[in-house]
Every structure is written in structure tokens, then in C-alpha cells.
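Breakdown of the fold
Here is how the chains run, residue by residue.
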Amino acid sequence: MDSYLVVGIIIFMMIMFLLMGMYIHSVLLASGIIGLILLEGFSILPGLLGNEPFNRVASYTLTTIPLFVLMAQFILHSGLVQDIFYIVHKISRGRRSLLGTLTLIIGGMLGAVSGSGTATAASLGQVAVPELRKHGYSGPLAGAIASAGGSLSGIIPPSIILILYGVATETPVGALFIGAFIPGVLVMVTFIIAMLFYYRRETKRSPAAAEAQAEIAAAAEAEAAEEKVPVTRLAVSVIMGFLIVATIFGGIYSGIFTPTEAGAIGSVVGLLTALLLGKVNLNFFKASLTETIKLTGMVMLIMIGAQIFGRFVSLSLLPRKLISLLEPVMDSPALVLLLISAILFVMFMFIEGAAVILMTIPVFLPIITALQVDVLWFGVFISVICTIGLITPPVGLSVYAVSGVTGISSGSIFKVGMGFAVFSMIVVCGLMIAFPELATWLPSVSGGKG
Amino acid sequence: MNGMTTFYKLYGYFGVLKKIGLVISAVVALIMMFFITYDVVMRNVFSSSIRGGFEIIQNYMMPLVVFPGLAYVYASGVLPKMELLFAKFSPAVKRILILFLIAIEVFILVLVVQFSWTYAMDGMERNTSFPAAGTLYQLWPVFFTIPAAFALIVIENIFLFIKNLIEKDPTFVVEYNPSEEEQIINQAVK
Amino acid sequence: GGETSSEDAASADGEKITLRAATGLSPQHAWWEGGMEPWMDRVTELTDGQVEFETFTSGELVAVPDEAEAVENGTVDVALILPIYQPDQFPMAEVTMLPLSHSDTMIASNAWKALLESDVELQDGKTFSELQFDQFKVFPISTTQEYSISTTGKEFASAGDVKGTSLRTPSRIHEMYSKQTGLNSITMPAVEMYDAMSRGAFDGSFYSIADWTGYGFQDLFKYTVTGINFGHFNAFIGMDEAKFDSLPENVQEAMEQATDEYFEDSAQIWMDRSEEVIAMNEEQGGQFVDFATLPQDVQDHFNEGIENTWGDYAKLLEDNGLPGTELVKLWRDLMIEQGGEVPQKVKEM
Ligand code: NA
Ligand code: NA
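Residues numbered from 1 in each chain as written. Chains lettered and ligands numbered in written order. Predicted model: local features only at pLDDT ≥ 70, side-chain atom pairs only at ≥ 80, totals over all residues. Heavy atoms only, no water.

Some words on the environment of Asp119 of chain C
Residues and elements named next belong to chain C. Locating Asp119 in the fold gives a position in the loop between α3 (105-117) and α4 (128-132). For Asp119, a relative accessible area of 65% gives the class exposed. Along the chain, Asp119 and Glu130 lie 11 residues apart, while their C-alpha atoms are 9.5 Å from each other. (Helix = DSSP H or I, 4+ residues; strand = E, 2+ residues; numbered from the N terminus. Buried < 20%, exposed > 50% of the residue type's maximum accessible area, 1.4 Å probe, protein only.)

Comments concerning the packing of helix α4 (residues 91-126) of chain B against helix α6 (residues 145-166) of chain B
Residue and element names in this part refer to chain B. Contact geometry for α4 and α6: axes closest at 9 Å, N-to-C directions at 160°. Between α4 and α6, the crossing angle belongs to the class labelled roughly antiparallel. At the point where α4 passes α6, the crossing takes the left-handed sense. Along the contact surface, α4 presents Arg95, Ile98, Leu99, Ile102, Glu105, Val106, Leu109, Val110, Val112, Val113, Ser116 and Trp117, while α6 presents Ile146, Pro147, Phe150, Ala151, Ile153, Val154, Asn157, Leu160, Phe161, Asn164 and Leu165. Looking at the contact of α4 with α6 residue by residue, the classes come out as 18 nonpolar, 3 polar and 2 charged. (Axes fitted to C-alpha atoms, helices over the stretch in contact; angles between N-to-C directions. Parallel < 35°, antiparallel > 145°, perpendicular 65-115°, else oblique. Left-handed = near helix turned anticlockwise from the far one by under 90°. Contact = heavy atoms within 4.5 Å. Nonpolar A, V, L, I, M, F, W, Y, C, P; charged D, E, K, R; others polar.)

Quick notes on a negative patch on the surface
Residue and element names in this part refer to chain C. There is a patch of like negative charges on the surface, built from Asp119, Glu121, Glu130 and Asp134. Within the secondary structure, Glu130 sits in helix α4. Using a relative accessible area of 36% as the deciding quantity, one classes Glu130 as partly exposed. (Patch = residues over 30% accessible without salt bridge, like charges linked within 9 Å, V, L, I, M, F, W, Y side chains within 5 Å. Areas by Shrake-Rupley, 256 points an atom, 1.4 Å probe, with all protein chains shown as cover. Salt bridge = Lys/Arg side-chain N within 4 Å of Asp/Glu carboxyl O. Lys, Arg positive; Asp, Glu negative; His and termini not counted. Charge placed at Lys NZ, Arg CZ, Asp CG, Glu CD.)

Some thoughts on the pairing of strand β5 (residues 147-151) of chain C
All names here are of chain C. Buried residues dominate β5, accounting for 5 of its 5 residues. The side-chain alternation of β5 yields two buried faces, one formed by Tyr147, Ile149 and Thr151 and the other by Ser148 and Ser150. With 5 bridges joining them, β5 and strand β8 (residues 204-208) adopt antiparallel strand pairing. Bridged to Tyr147 within β8 is Ser208. (Pairing = 2+ DSSP bridges.)

Things to note about the sheet that holds strand β4 (residues 136-140) of chain C
All names here are of chain C. Read from one edge to the other, the open sheet built from 5 strands follows the order β2-β1-β3-β10-β4, with strand pairing classed as mixed. The open sheet has two edge strands with one neighbour each: β2 (51-56) and β4. Put simply, the sheet's adjacent strands are angled 30° from each other on average, direction ignored. Where β4 and strand β10 (residues 236-240) come together, 5 bridges link them in antiparallel fashion. From the neighbouring strand, Pro140 faces β10, where its bridge partner is Phe236. Packing of helix α1 (residues 30-46) onto the sheet brings it into contact with β1 (17-22), β2, β3 (78-81), β4 and β10, and relative to β2 it is tilted by some 155°.

Here's the deal with the interface of chain A and chain B
Each partner contributes to the interface: chain A provides 67 residues, whereas chain B provides 62 residues. Taking both partners together, chain A and chain B bury about 5900 Å²; carbon and sulfur atoms supply 80% of that area. The residue Arg43 of chain B makes a salt bridge to Glu261 of chain A at a minimum N-O spacing of 3.0 Å. Viewed at the interface, chain B and chain A are joined by 5 residue pairs in polar contact (both at pLDDT 80 or more). Counting residues per element, the side of chain A that touches chain B draws most heavily on helix α16 (residues 282-315) of chain A, at 13 residues. Of the residues that constitute the side of chain A that touches chain B, the class distribution is 47 nonpolar, 16 polar and 4 charged. (Buried area = accessible area lost by both parts, 1.4 Å probe. Polar contact = N/O pair within 3.5 Å; in protein donor to acceptor, adjacent residues only side chain to side chain.)

Some details on the sheet that holds strand β7 (residues 184-186) of chain C
Residues and elements named next belong to chain C. The sheet built from 6 strands is open, its strands ordered β7-β6-β8-β5-β9-β11 with mixed pairing. Edge positions in the sheet fall to β7 and β11 (287-290), since each has one partner strand and no second. Across the sheet, the mean angle from the axis of one strand to that of its neighbour is 30°, orientation sign disregarded. The pairing of strand β9 (residues 223-226) with β11 spans 4 bridges and is parallel. Looking at the pairing, Thr224 lines up with Phe288 of β11.

Nothing here speaks to function; it is all geometry.
Right, here's the structure in full:
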């Protein structure tokens, strides 16, 4: 069959399947398989369908997926986050805008030990939102702060998105981690600025309400002063928190282990933390491991689907056709990049981040290569968009997680979150296009770029 | 009613099978964590790494972390999809859609089972192995976990199909046992 | 093999034939850029455009080392096949990785071509190609340049320095050699090597100098021993035998002719690249040390390893019912015929 016609049919089918509510991995598998059959007939299937599931999964680099998730699970189930937030609450006493700022910074630091945005957002929602509300933040703003703070895990290394991108494009994961550092901090800073803006606006609009809130807050603080967490426990939490970050980054940077191995080491340190904090029992293992296998299975199933779909995309020669279609504007890479980021932004609004990365790489990577855009830069760039997508409607997993634990409606959080997202998107993506060095400079000086 | 009791009894037995798979995956994940950590320690302290460790992890452990537990993962309802439009349909439309989606799903999965089975049988015939530290390790037995995992998912879908035929409320899961985090998120979406 | 290309291959003379060609390697790799690509261009030229190739590189369709399988099951029509990566399927292909006293890309490539085309019956009246690559139509291309030992700084001042040095090993033969000489072998995906080595996770690798640039090693290696040779990695352009037989005669001839014409050039590109890379590395402070200038005990240690590795590899094959001794002798004779050198003990085998 004519390959333009096949591509047309498959794109239409994909959209229909997605809208009908088919699982993302099934959309990819079904479109890939049906596309291959239309293009080449059944004879092509044995060679691709038989071996791809094994070949995709049997990868040393991908051990990072189960192991970084396991590390995050161990840490979240150890109670470390609650303890650290308790300390933050003590530090920011009386300075109300500081608490929001610190929450976002904590989100960033949690991002440095966690690969998954939703899990971090859920735990931030649990511990941070009540504190923020006591300090006079409105529900939606507090929810947006926790969601945004949690979403930072997507860009601040280690990040599952960066790992998936590295594996799919054979870019060294270590270099991607280092390259994502500055843009990750930038996203955090833009979130803080957006937060301060919303906070000012809120206190200006209803000073009386804010005052009343503050009074409640003062009472709550007095109350909180009563329920004391033992200092030794706090000390252990702080020390272990720093130790986890230091182990991972120190270990990778000093050559004791590779970024891939860091997942295993981090998990062991996470387990030790939980042991020291007295949280390890059978349920601890059950909960952590079940979640780990679920998330791993989910990512891998989508990866297998994306692999088969990718084979269809390759055989249909779609990327080459797109490039020739884009020929007139290929001379202005910025324009093409703008187009690609707009498409990705919309896709990240609707579809889970990892799935988007895996679906679009077969199509976009050849275009990026043809544009002679740095592959590492592009990986960091789309991870930024993906991170921001975690707080945009209608599918913003970070927001859903926070809304779920706090009971604040997701719609009202999205209204504020969208403001965070648009501001951050324009500033960080704009800066990254204007100054690509933001992502490429650190890897080039640290020798991490292969 | 009696039919439904048998249905859930059978589904319960099937659930045990999935749980066993989950436990295998979980245990291998833990082993992998300790194995890599041990390797790093040995390399740094005694400058000798586990010979062939990298290949063993890649070829044995990763597939065993992913495939045995896959049916459990599938049945748990964690897999992402776009639900926005779907939620707006009437129950009658929902049911037709679900039956249609399951039919496509089964068609695709059966193809995966068939061809991954052929691949595994072919691997057995060729005695497919991988080299690690100078020796060859048999690889083909691992291939069989793939058709097995996808066959279990086909069975899950058959249960789901029957449930949607018999019962009133259209559903994507036979028995919903969401995790804490999912419960939270689902609550929020509603 | 299945029927895959959009055009039916068995078409009448003059009808257009589109063949799907693939490699898991990058399009800049010497085997693709200097071997398979010119070969395909020449075939198109010789058939006046009757044959065209639709190419897929960098694993876009098939990853390393699945090319052989992809050719067999018909996913692609023709591919760059790297048999050493699959010792379970092609256990005798590793023979070109046996260490030597002297050779270069040209010598090894000619010997490899001679081995593929050899009519010496090794077992049950079958030749090397019949024993290993019966399902393929084989078009020989060059081997890589010789493999050297390079480190990120560690030097070999005595035999004691060699023991415990951790190097990445690319094949079973290097594993055997490491075992013989007390080297500590590390296995790791190539994409992770730069990261791990630049941070000191291990000391170095067996690698061919011309191939360094693919992973940026020219900026990293500081010490390379030349004048001793740890074998040559091999490859060939492979097509399903039945597929080849179904092609019109003029096309078959064009493919054979293109192979003969381009074979030497495909070897030369490795020699040229090697010179460029050495210059780049020296600029970065890299040091190339001739084996003959190393202390005698280091030389003896390495040479003893070479001798024993030949025997070990032959024995490994014999243990699996393959003509190991016959094979290594044939390879030794072909190498010497082309100008290569082996240690005395290997000569006496
Ligand atoms: Na992170
Ligand atoms: Na979104």
C-alpha cells in the first residue's frame, strides 16, 4: 500500500484509539502492528514482534528504571520527607513568603533523589500543603506549589525521562544528567518567581482574609511547637538526606560508580535510611516493591509498544518525508524547534510524559539530527517541557496526586499551575534556545560528553 | 448469581498466579540492587568485578524483573490512558467501546504471544546463548517468559470481556485494587 | 527468509529492484561509510539504477548485533553483519581476534577475505564459510585495524603492572587473553565507557585506534601500546542466500564486481583514520609506546599470553565439536601469507 496513505490511516487510527481511552501501550502496539501489516504484509511481523520485547527489556542501562524508582519508594516510605519539612517549617517561622520558596526548593532537592514526579508531588502534598495553608496561602496556590515542587523530579537529575531519552538516542545518561542541572535549577527559579507573584496578588486582593489566616497560622504555630519530633530523629533525617545526595553525585562524579549503577547504590542507601528511621518491616518491602514493579512494568510495556511503533515509523520513511516537507524552513532551526516544542507541549498536556518521549523520538530525532541540533541539548529541552507538562491540564499527574491527598479540587490547582507552566515554559525554553550553552556547557567542561 | 460466584472464584485462582509472578519480579529487583552494589564495592575495594556481571544483569535479571509481574501490573489498572473523553460517554456507549477495545487488545496480544513463542522455540533450537567472561550462558529459557507474560494478559482480558458482557457497569479492570497513590489520584480525577 | 522489499526481487531483467539495507552502526562508521555505502553506490551504478537501496543506520531498524537475524527472517535484504558479537551462533568467526606479533588492516583484511573464500575443508568436507555462514551470501569487507591496549594513564613498567589492570574486553578471545596475563576484564556497553573511564572506574580498553572517535576516546586515552596486536574485528556484507539467488544474473554479477573493486579501499579508510586519530591524540598529550621498547619481562609476559591464547581458543572450539586446531592453523597460514607475524610457538603448532 502507498506509504502516505498508510501513514494517514495510522495517524487517524492513533487519534481515535487515544480518544476512545485505549491504553497508551496498546495504542502504540496496535498502530505499529497494523501499520506494519498494511505496509509490508504479515511476513514482516515474526522478525519484529518476536524479538523486540526481549531486546528492548534486556538492557543494562534500563536497570536504572526499577532501581531509581525503588530508591524513591524506600525514601518516601522512610518518613524522611516529613521530617525535613518539619525542619523547614521551623526555619521559615514568621516569614510567610519564605515558606513557599522553601517548599519549591525542597521539591528540587527531593527531585535530586527521586526520578518520579508523581510520587514526590503526592508526598509534598501530604506534608507541605497543610503547612502552607496555615501560613495564609490559598488552597489552589498551596496545591500548585506542591505540584510544581514535585514535578521538578522530572528534570532535576536523576530523572526517568532523561534516562529514557538517553537509552532511546544512545546519549550518555551521565552527560544528560549534568546537562540538565542548570535548566533544572532555572525551572525551579521560575516556579519561585511565579509563586511569589501569585502570593503577592493574593495578599493584595484580600488583606483582611490574609490577616485572619495569619492569626490562625500563629495559633497553629503555637500548637505545632507542642508536638515535637525528637532532635535525634531529625538529625538522622538531615544527615541521611545529605548523605543520599552526596553519595549519588559524589559517587558518579568521582568515578566510584557509573550513573547506571547509581540507581542500585541509591536504593541501598535509601533502605539504610529507612532502617535507621525504624520504618523497615514486611509492609515496607511489600509497598515499595509492588509500586516499583508496577511503575517498571508500565514504563517497559510502553517502551515495547514504542519500539514496535518506531519500527513502523522507520519503515514508512515518515521522518525522511517530514524532513523533505520541512525543507523550506529547515534553514531556520529556531522555527522548526518552536514548532516541535509547541507540538510536544500539547502532547504533554494530554499524555503521560514518558509515553510522549518514546512515541515522538522516532519522528523527531532524525529531524533534530538533520538540523544539526545537539542531541544532548534537545534531550534536556524536551525534559523541561515534559516537567512543565506535569502541572498542565487536562492530564497533569503531579496536580492529580496533590489534589488527591489534599482534597483541593484539581481544577482550581490547574488554574494557578497553568500560570506557573506558561511562565516557566516561555522563560526557560526561550533562554535555552537563545543560549544552548545552558545545557551543553557543564557536560563539556566535566568531560561527561562522549 | 451462581455464575458470577464461579467467575470470581476462577479469577481468584488466576490472581494467585499473577501474585506469584509479582513476587518473582520483586525478589529479582532486590537481588539486582544488591548484585550491582556488591559489584561496585568489589571493584573499588578489591579492584575485581564480578566476571560477566553486566551481561548476567542485562540478559537474566532485567527480563525477570519485567515479565513475570507484567500480568499483575496490567490487572492493577496502573497503565495510563486518556480517560477524559471516555468519562463523558453514556454507560451503553462505554460498554460497546470497552468490548471493542478489548477485542483489538486481544488481537494484538495474541500476535505478540504467537511470535514471541516462535522466537523462543527458535532460540531453543539454536541454543541461543550470550557470552560473558569467556563462557556462554544459555539465553533461550528467558525467552519463554515473554509469551507466558502476554498469554496471562490475554486471559486477563478474557475475564474482563466476560465481566463487561454480564455486569451492568462498564469497567477496565476486573477487580480494582488500586495502590494508595492511585486511589488518591483517582479520587482527584473524579 | 521472507519476501520483504516493496518490489519483487525475482522480477524480469530491467525492472527496478529496491533492497532494504541496514546496520546498527552509525552512518559515520568506517564499515558503513567506507565499506557498505560505496559498495551499494557501485551496485546501483553498475546496474544503471536498476538496483536501489533503502538504507537504515544507527539501529533505526535493526540494532547491533541483530543484523544477521534480520537478514535471515527477511526484515531486511542486506546488512552489515558482525558475527563476533554472536559466538553462540558463529563460534569460529572470532578467529580473527587472535593476538599476533605483527599485522595491519590490509594484511588482516586480505587474510579474512581469503578465509571467507577458502576452499580448505575443515570438517565433514565443509569449508569455513560453509560451516559458519551457509545461510548467507557473503560479500567480504575489510577487518578493523588491529586492536591495541590503551589506558587513561596507567603504564606498564613491569609485568607486575600488567596484572590487575582493568580493561574492557570486547570478545571471548580477549577474555582468555586477560585470564592468561592476569588482566582484570570489565564488560560494559560502549556508550557507558567514556563516562566510566573518564571518572576512573577502570583503566582502559582493548580497542582499534581508528575506531576511537566514535566514542570520543581520542581525548581520553593517554597511553597506548603499539607493535603488539590483539586481533582484528571482522564483518561482512550479508544477504540471504535464497534472496541472492532470486536476483537477476546481471545484478548478482554487479554485486560481486563491486565487492572486488571496493575491497581494498574499505581497508585503506581504517589506515587513514588511524593516522588522523593518532595525530589528534598526540596533540592531547597521548603517548604511543612501541612494544619492543617495553622491559623484557613485560614483553615476555604478553608474548606468553599470545601463545597460550591460540591453544586455548582451539581447545574451546574442539571441546564443542568444532575443528579448532585446523581453523587456527589455517588462519595462521593465511596471515603469514599476507605478511603477518606470529610468535614462534604459534608457528610450531
Ligand atoms: Na529527579
Ligand atoms: Na499535562
